[in-house]
Amino acid sequence: MAITEKGLPQAALTTMSRNTKRAPGSLREVLGARELLANLVRRDLRVRHRGTFLGLLWSLATPLVTVGLYYFVFTIIFRTTPVSDLPRPDGNPVPFAVYFFSGLVLWNFFGTSVGSSTSSITGSGYLLNKVYFPRAVLPLSSVLSSLVTFGFEIAVLLVVSLAIVGLPSLHLLWVPVILLVVGTFAVGVSLLLSAATVFLRDVAHFVGLFLQVWFWATPVIYSLGFVSSRSGPGVIRLLELNPLTGAVISFRNVVVLNHQPDFSLLAYDAVVAIVTLAVGA
């Protein structure tokens, strides 16, 4: 199999070019480029772990060390009390480290997707000059590679939650729906930012700072109940306008707290995600 200098099979480029000529239109073109998309995802994962001994297993080792560190710091050193914003139906306490990590897993998927996809077009000039293909494939590949890493992190979260907190409930079946909402929003934002970076390279630097602010505007390390006890209703309404608030709350509810998603906030997030995807496309 012939391989290009950037690690992409030449056959994938040829097949993709032939398919997109038959299928005009954004969605058809992306579907026609699915072989190239799969190869781009594999390339991103290889580049991320190139030269390492463990390779893809680092995606499993990193969240394990992270949750272990959080558990040690918040349980042994700071001795934080178990979270009781939404008590589990079985009465089992949820350590703050697990509560925090459950929100961080979903945030990492979104933040990594957006951060890595912002420069995906400007960094692929070598490929753009070789053959025509839908540019949306580039940021989309970054989101999908982040989804693979998310799979390792949620596996660690589920094992840790089972060992420390208790058995999950059937509400866990809502995870794919929540992930679809966040993934759709991530793709929409990635399309917008990757296109904007072509014309204004400062966007790539701005995104890193903006994601830090966005993290603290999302209830990852705190709950809305905690904020409402110390702030007015205006602050809560402002936080609820964040398109990730309902997703993080719902994800934590179904994975760790054994409650149903927050349907009203999740529905709002879904509408914003669809609109963002349409504008980005």
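Computed from a prediction, not measured in an experiment: that's the story for all the values here.

Here we look at the overall build of the protein
Stage number 1. A count of helices and strands for the protein gives 13 helices and zero strands.
Stage number 2. Reading the protein from its N terminus to its C terminus gives the helix and strand order α-α-α-α-α-α-α-α-α-α-α-α-α.
Stage number 3. Per-residue burial over the protein gives 47% buried out of 281 residues.
Stage number 4. Of the accessible surface of the protein, which amounts to about 14100 Å², a share of 69% is contributed by carbon and sulfur atoms.

A short note on the confidence of the model for the protein
Detailed reading of the predicted coordinates is not advisable wherever pLDDT falls low.
Stage number 1. The share of residues in the protein with pLDDT of 70 or more is 86%, and the mean pLDDT across the chain is 83.
Stage number 2. Ignoring residues within four places in sequence, the model shows residues 13-25, a span with pLDDT below 50, making 20 contacts including any to other chains.

Here we look at the pattern of salt bridges
Stage number 1. Summed over all chains, the structure comprises one salt bridge.
Stage number 2. Here Arg88 ties to Asp90 by a salt bridge, and the two come within 2.7 Å at their closest N and O atoms.
Stage number 3. Residue class for Asp90 comes out partly exposed when judged on its relative accessible area of 41%.

A look at the packing of helix H5 (residues 96-117) against helix H12 (residues 245-257)
Stage number 1. Where H5 contacts H12, the two axes come as close as 9 Å, and the packing angle between them is 130°. For the element pair H5 / H12, the angle class is oblique. In the packing of H5 onto H12, the handedness of the crossing is right-handed. Of H12, the residues touching H5 (which contributes Val98, Tyr99, Ser102, Gly103, Val105 and Leu106) are Ala247, Val248, Phe251, Arg252, Val256 and Leu257.
Stage number 2. Within the contact of H5 with H12, the residues separate by chemical class into nine nonpolar, two polar and one charged.

Some thoughts on helix H9 (residues 202-216)
Stage number 1. Between the first and last C-alpha of H9 there are 22 Å, a value that for 15 residues agrees with the 21 Å anticipated at 1.5 Å per step.
Stage number 2. Listing the buried residues of H9 in full gives Val203, Val207, Leu211, Trp214 and Phe215.
Stage number 3. In the core, the buried residues of H9 are packed alongside H5 and helix H8 (175-199).

Considering the packing of aromatic side chains
Stage number 1. The final tally for this structure, using the stated rule, is 13 aromatic pairs.
Stage number 2. Counting every residue linked through ring pairs, the aromatic cluster contains Trp107, Phe110, Phe185, Phe206, Phe210, Trp214, Phe215 and Trp216.
Stage number 3. Looking at Arg252, its charged tip hangs above the ring of Tyr99, at a distance of 3.8 Å from the centre.

Observations concerning the side chain of Thr245
Stage number 1. Locating Thr245 in the fold gives a position in helix H12.
Stage number 2. What makes Thr245 buried here is its relative accessible area of 0%.
Stage number 3. Setting aside residues up to four positions removed in sequence, Thr245 forms contacts with Ala217, Pro219, Leu224, Leu239, Glu240, Leu265 and Asp269.

Overview of the nonpolar core
Stage number 1. Counting 64 residues, the largest nonpolar core has Leu106, Trp107, Phe110 and Phe251 as its most contacted members.
Stage number 2. At 13 residues, H5 tops the list of elements feeding residues into this core.
Stage number 3. Excluding anything up to four places from it in sequence, Leu106 contacts Phe150, Ile178, Leu179, Val182, Ala247, Val248 and Phe251.
Stage number 4. Tyr222, Val227, Ile236 and Leu239 belong to the second largest nonpolar core, which has seven residues in total.

Brief notes about a nonpolar patch on the surface
Stage number 1. A cluster of nonpolar side chains, namely Phe72, Ile76, Ile77 and Phe78, defines an oily patch on the protein surface of about 430 Å² accessible area.
Stage number 2. Within the secondary structure, Ile77 is located in helix H4 (residues 58-77).

Brief notes about the environment of Val189
Stage number 1. When you line up the elements, Val189 lands in helix H8.
Stage number 2. Of the residues examined, Val189 reaches a relative accessible area of 10% and is grouped as buried.

Observations regarding unusual backbone geometry
Stage number 1. One non-glycine residue, Asn258, lies in positive phi territory at about 60°.
Stage number 2. Summarising the element assignment, Asn258 is placed in the loop between H12 and helix H13 (263-280).

Brief notes about the environment of Ala155
Stage number 1. With respect to the secondary-structure elements, Ala155 resides in helix H7 (residues 137-164).
Stage number 2. C-alpha of Ala155 to C-alpha of Leu64: the two residues are 91 residues apart in sequence and 9.9 Å apart in space.

As for the packing of H5 against H8
Stage number 1. Put simply, H5 and H8 touch, their axes get as near as 8 Å, and they point 20° apart. It follows from the interaxial angle that H5 and H8 lie roughly parallel. Here the hand of the crossing between H5 and H8 comes out right-handed. Taken together, the residues of H8 that come into contact with H5 (itself represented by Leu106, Phe109, Phe110, Ser113, Val114 and Ser117) are Ile178, Leu179, Val182, Gly183, Phe185, Ala186, Val189, Ser190, Leu193 and Ser194.

Conventions and cut-offs
- Sequence order as written defines the numbering, with residues in each chain counted from 1.
- Given that this is a predicted model, residues contribute local features only at a pLDDT of at least 70 and side-chain atom pairs are listed and counted only at 80 or more, while totals for whole chains, interfaces and linings are drawn from all residues.
- Water and hydrogen atoms were dropped before computing side-chain values, which therefore reflect all heavy atoms in the structure.
- Per the convention used, a helix needs a DSSP run of H or I reaching at least four residues, while a strand needs a run of E reaching at least two, with both numbered from the N terminus.
- Categorising residues by exposure relies on relative accessible area from a 1.4 Å probe, with only protein chains included: less than 20% of the type maximum marks a residue as buried, more than 50% marks it as exposed, and the intermediate range marks it as partly exposed.
- We get accessible surface area from the Shrake-Rupley algorithm with a probe of 1.4 Å; when it comes to residues, only the shown protein chains can shield them.
- A residue's pLDDT is simply how confident the predictor is in it, with values from 0 to 100.
- Residue contacts are defined here by distance: any two heavy atoms, one from each residue, within 4.5 Å place the two residues in contact.
- Salt bridges are defined by distance alone: a side-chain nitrogen of Lys or Arg within 4 Å of a carboxyl oxygen of Asp or Glu.
- Helix axes are fitted to C-alpha atoms over the stretch in contact, other axes to C-alpha atoms as well, and angles between N-to-C directions run from 0 to 180 degrees.
- Note that the term roughly parallel is reserved for angles under 35 degrees, roughly antiparallel for angles over 145, roughly perpendicular for angles of 65 to 115, and oblique for everything else.
- A crossing counts as left-handed when the near helix is turned anticlockwise from the far one by less than a right angle, and as right-handed when that turn is clockwise.
- Residues are sorted three ways: Asp, Glu, Lys and Arg are charged, Ala, Val, Leu, Ile, Met, Phe, Trp, Tyr, Cys and Pro are nonpolar, and all the rest, Gly among them, are polar.
- One fewer than the residue count of a helix, multiplied by 1.5 Å, yields its expected span.
- Each pair of aromatic rings taken from Phe, Tyr and Trp, with Trp reduced to its six-membered ring, is defined by centres within 6.5 Å and is described as stacked if the planes are under 30 degrees apart, edge-to-face if over 60, and tilted in the remaining cases.
- Whether a charge sits over a ring depends on NZ of Lys or CZ of Arg being within 6 Å of the ring centre and within 35 degrees of the ring normal.
- The definition of a nonpolar core used throughout is a set of buried Ala, Val, Leu, Ile, Met, Phe, Trp, Tyr and Cys residues joined through side-chain atoms within 4.5 Å.
- In this scheme, patches are assembled from residues that exceed 30% relative accessible area and form no salt bridge. Like charges are connected within 9 Å, while nonpolar side chains (Val, Leu, Ile, Met, Phe, Trp, Tyr) are connected within 5 Å.

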